[in-house]
Structures are given as structure tokens and as C-alpha cells.
Amino acid sequence: MIYQHIKGLVNQALAAKLIDDADQIYATNQVLALLKLESIPAVIDNPTVDSIPNILEQIVAYAVEQNIIDNVFDDKEILSATIMNCFVARPSVVSDIFQQKYLESPQQATDYFYELSKNSNYIQMNRIQKNVHFKADTIYGEMDITINLSKPEKDPEQIRRESEIKHSVNYPKCLLCIENEGYAGRVGYPARANHRIIKVPLVHENWYLQYSPYVYYNEHSILLAEQHRDMKISKATFERLLHFVVKFPHYFIGSNADLPIVGGSILSHDHYQTGRYDFPMTNAATALSFELNNFADVTAAVLEWPLTTIRLQCHQLETLVEAADHILTTWQSYDDEEANICAFSGDTPHNTITPIARMREHQFELDLVLRNNRTTDEHPLGIFHPHADVHHIKKENIGLIEVMGLAVLPARLKDELAEIKRFLLGQPSDVPSYHQQWADQLQENYGPLSSHEQAETILEKELGAKFAKVLGDAGVFKDNLASERFINTLNKKAAQ
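The shown structure was predicted, so the numbers you read here are calculated from the model rather than taken from an experiment.

A. A look at empty space enclosed by the protein. For the structure shown, the criterion picks out one cavity of 30 Å³ or more. Computed from the structure, the largest cavity encloses a volume of approximately 40 Å³. Forming the walls of the largest cavity are Val 88, Phe 113, Leu 116, Ser 117, Ser 120, Tyr 122, Asn 194, His 195 and Arg 196. Its residues assigned to classes, the lining of the largest cavity shows four nonpolar, four polar and one charged.

This is the structure we're talking about:
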């Protein structure tokens, strides 16, 4: 069947416009070489008809059976990406097409690049489809809940190989460096042969747009700095974010915070996350409107949201940048003993911001989420971090995506929630000890349940409530009085 699979893959690449008719022989020969095949029949009956990811899986399985590669995760990933690289245009061609389509409209350009990234199997759609998604009503509105099942588990041989690596290779320096484009991969480092990036000049620097291989929302993409440098929230951050939405007004863009605990998983490379999606935070109501001294053209409000968020709106980009910088610099040195806010421990800073930019009704909008990463003996993982009572659901850092209302929950929850469902239905179950108190509470609140649908609905609702509590733990101000104290400090400082 290998010839049918190869022909089927070429056919699918043609249908997806990865290649033209004139490229068929070339692409076929490149794949033959990777599979150590010297020829292919002139006529192939019944070529495989399936999706590109599914055909790739069958070709990789053939390579394992024929001992062309070992049955190890990295070997299979490298071969899969290298095969797809036979069908993906060189970076200069991809960039030229993107720029041509951008002249028609920014949306046409991103539509092209997103489809290319999916069709090339760089975006791992088969794996992403394994994720569990649902929406849950909470006291803050509807939240997005995802149980992340897309990342494959490493097999024992893969783990052994990684443990035996003695000399770390410093190329690429990290997963977000531009040198990942076209990189074949190695033991312990992902295959990127089919990876493409697009240069986006921003405020006298080159930045690069790519899509995330494991998208959590529509057109989930990353904008990364050309230079390998640490994350840093500053006035320049606000300038870049707002200039980006000028170039791509149909996308939002945001940054993880730049401090441990409240930051993202990669703090060593400056980057932002963007895409075309309305997160729950986007439509959050206003809790408290206020005037910002010296910025009469800026509309300011605190949102009705579990994490303390100041929303700024303005028609002038430069004015909005100045207003955001005023809030950042004030917050970076702000103390509030009553709210448990301490800006520094010695020389170690604790206060920073998670910013999000978008266009709304032809004006600029910036959401500034106040963050603090201080720890105590009572809360060793962070005062404004998920507390111990919700660790059975979520213990990891709260990054940009979750700040905006999309929970990314660990894969273990799929099976664990199934056990809790059986418990609520009075069936034999094996509820993990760290969930038992929660399961008992659910049983007490809802009584005996009679249907799987009823149990499913209740668990989704209660998981949403847990996520709202997770976000509430990460919020620095627990009431409007604390927000008003900070607003007063903002306006006093502006008057100085």
C-alpha cells in the first residue's frame, strides 16, 4: 500500500494547493528518497483517499515496519515533518505570497498562511481534535474550558534517549527562535522542517508571525522577536501591540507577563500571542468607570472580571501608549498593605502587567491586567496564584490565554472526571483522593443523579465554577475599594 499512500499524499497536496501539477514528479521523488525507495509504478490504482495527517501516519507506520526509522516519537516526528517539507514552498516564496495577499487585505494574507500551516501538518489538527472543549456559565459570564489531550505522551525509549543526552546543543537557542524555521529536529527537540514564519516589521524592529502547532483557539498564532532576549513589559510593548493591530485589525494580540509565576512558560524569548477569537474577557462588562488625569481622550474602566483588568480606549495610538505606560510605571512601584500588595522584596520586583490589544469600533483598546508574583509561607506558589483548594483542578501558572477566560486544563482530568461521574451516578468508581472532597460536595449539593447527561452537565458547570475561582485567586484586587485606591494613586501621580 505504500505507493497508494504516496500517490494519495501527492493528490491531497495538489488539492490543498501546496504544490502545482508541475511539482508532482519532484515531490514524489523526494518522498521516495526519504523512504529509501528507488522507483514507483507508472500507474497506481486506488490511491489512498484520506486527510494529509492520516496518510502521513500510514506512511510513517510503513517506515517503522521497514526499519527505515525506529519506533520512537522523535524519529517519527522528524520523518513526518521532513516528508511535508517536500510539499511546502521555500520561506521566500511563502513570504512573497503572503505580502501579495496582504495588499488585497490583511485577512486574506492570514487566511492563506493559516491554511498553509494546517495543510502542511505544522498545525497538528489530528492531535488538537482530541482535546475536550466546552463552554461553562459562571458568575463572570461564559468561560471556555479545554482539557488538553493534544500533546502525545513520550514512550519509554524516547525518555531513555533524552536522559542519555550528555552535551546540550545550543541551536536553536529556544523553541521561539527564528532559527527553528526548517530545522529537522533531534532527540528531545521538535521537528520543524515544515515550519514557516512571516516577517512583520514593528516599531523599527523585525518580528515574525507563526501559528502555534497546538492551537487552543481560532488562528492561534505567535509573534516572536528576531533577537533572542528575555520577555519585558514596557512602553515599547504597548507600542508594538497597537502597531500590530493597525497592520492586522482582525486579530487581537497580547503578551504574557514578564515575571515568574504570573508569566508564561517561556520567559527567555520576547514574544506575544495573537489570533482571531473573541475570548470571554473581550465581552466583559464594566464594573467601575473612571477618569484618568492628563488623558482626557482616553476612556478608562475596571472590568467585571476575576483578574483586576483596566480597559483603556482611545482613537489616538500615541495617547493610549502614554496612558498605558503611566499605569504600568505606577503599578510597578505600588504597595497596598490592605490588599496584600508589595511591589518589591529587596530588589526583586513583584508587580507587572499582562496586556492585550485589539481594535473595537474603529478605536484602539488595551486591556491591562494587574499581576503580582509574591509568595508567602501560606501560599508558597504565589499569593495571586491558584490556591491549594483548587490545585486538584489547576495548579499551573495562569498565562495570557487563561487570563482572557480560556482554561487549559491537564489531560489527567478526562479520566478523573469520568470517575467522578460514575461516583455521582452511584456506580463503582475510583475517584482520586485529591478530588474526593469535591465529589462529596457535589453529591451533597445535587443528590443522587440518574443519567449520564445530567452528571455531564453538572460537572461542566462545576468545572467552570472552579476555573472562575482559579482566576479569582489570581486577581490582585478583590473589590472595587481596592481598585479605587489604585486609581487615586494613578491620578495623584499624574498631577505631580
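After presenting the structure, the write-up continues.
B. Local environment of the packing of helix H12 (residues 412-424) against helix H13 (residues 433-446). Packing of H12 against H13 brings their axes to within 10 Å, and their N-to-C directions diverge by 40 degrees. As the angle between them shows, H12 and H13 are arranged oblique. Between H12 and H13 lies a crossing whose hand is right-handed. Residue-level inspection shows Arg 412, Leu 413, Glu 416, Leu 417, Ile 420, Phe 423 and Leu 424 of H12 in contact with H13, the latter providing Tyr 434, His 435, Gln 436, Trp 438, Ala 439, Asp 440, Leu 442 and Gln 443.

C. A look at the pattern of salt bridges. Taken as a whole and judged by the stated rule, the model has 25 salt bridges. The partner of Arg 240 in a salt bridge is Glu 205, with the nearest N and O atoms 3.3 Å apart. Highlighted residues: Arg 240 in helix H9 (residues 235-247) and Glu 205 in strand E4 (residues 205-211), separated in sequence by 35 residues. On the basis of relative accessible area, Arg 240 is assigned to the buried category, the value being 9%. Two residues, Glu 365 and Arg 311, come together in a salt bridge whose shortest N-O distance is 3.6 Å. Of the two residues, Glu 365 is situated in strand E14 (residues 363-372) and Arg 311 in strand E10 (residues 309-314); the sequence distance between them amounts to 54 residues. By relative accessible area, Glu 365 is classed as buried at 0%. Within the structure, one salt-bridge network assembled from shared partners comprises Arg 311, Arg 358, Arg 360, Glu 365 and Asp 367.

D. Quick look at the packing of helix H1 (residues 2-15) against helix H2 (residues 24-34). Two elements in contact, H1 and H2, have axes whose closest approach is 10 Å; the angle formed by their N-to-C orientations is 135 degrees. In terms of axis orientation, H1 runs oblique to H2. Handedness of the crossing formed by H1 with H2: right-handed. Note on element contacts: H2 touches H1 through Gln 24, Thr 28, Val 31 and Leu 32, opposite Ile 6, Lys 7, Val 10 and Leu 14.

E. Inspection of the sheet that holds strand E8 (residues 286-290) at higher detail. Pairing is antiparallel across the open sheet formed by ten strands, whose spatial order is E3-E4-E5-E7-E6-E13-E14-E10-E9-E8. Looking at which strands have only one partner, the edges of the open sheet turn out to be strand E3 (198-202) and E8. Here the average twist between neighbouring strands, direction ignored, is 25 degrees. As paired strands, strand E13 (residues 351-360) and E14 are joined by ten bridges and run antiparallel to one another. Residue pairing across strands places Asn 351 opposite Asn 372, the latter belonging to E14. Along the sheet, helix H10 (residues 317-332) makes contact with E10, E13 and E14, crossing E14 at roughly 10 degrees.

F. Quick look at the layout of surface pockets. Reported here for the second largest pocket is a volume of approximately 710 Å³. Forming the boundary of the second largest pocket are 26 residues, of which Leu 18, Ile 19, Phe 87, Val 88 and Ala 89 lie nearest the centre.

G. Representation of the environment of Pro 280 in the model. By secondary structure assignment, the location of Pro 280 is in the loop between strand E7 (271-275) and E8. Considered as a pair, Pro 280 and Val 94 are 186 residues apart in the sequence and their alpha carbons are 33 Å apart. In contact with Pro 280, not counting residues within four places along its chain, are Glu 142, Met 143, Asp 144, Trp 305, Met 404 and Gly 405.

H. Structural context of the side chain of Thr 28. Mapping Thr 28 onto the fold places it in helix H2. Note on Thr 28: relative accessible area 14%, which makes it buried. Those residues in contact with Thr 28 that sit more than four places away from it in its chain are Ile 6, Val 10 and Ile 40.

The rules behind each value
Residues numbered from 1 in each chain as written. Predicted model: local features only at pLDDT ≥ 70, side-chain atom pairs only at ≥ 80, totals over all residues. Heavy atoms only, no water. 1 Å grid on protein atoms, 1.4 Å probe; cavity = no way out; pocket = protein on both sides within 12 Å on 5 of 7 lines; lining within 4 Å. Points joined across faces, edges and corners; volume = space filled by probe spheres on them. Nonpolar A, V, L, I, M, F, W, Y, C, P; charged D, E, K, R; others polar. Axes fitted to C-alpha atoms, helices over the stretch in contact; angles between N-to-C directions. Helix = DSSP H or I, 4+ residues; strand = E, 2+ residues; numbered from the N terminus. Parallel < 35°, antiparallel > 145°, perpendicular 65-115°, else oblique. Left-handed = near helix turned anticlockwise from the far one by under 90°. Contact = heavy atoms within 4.5 Å. Salt bridge = Lys/Arg side-chain N within 4 Å of Asp/Glu carboxyl O. Buried < 20%, exposed > 50% of the residue type's maximum accessible area, 1.4 Å probe, protein only. Pairing = 2+ DSSP bridges.

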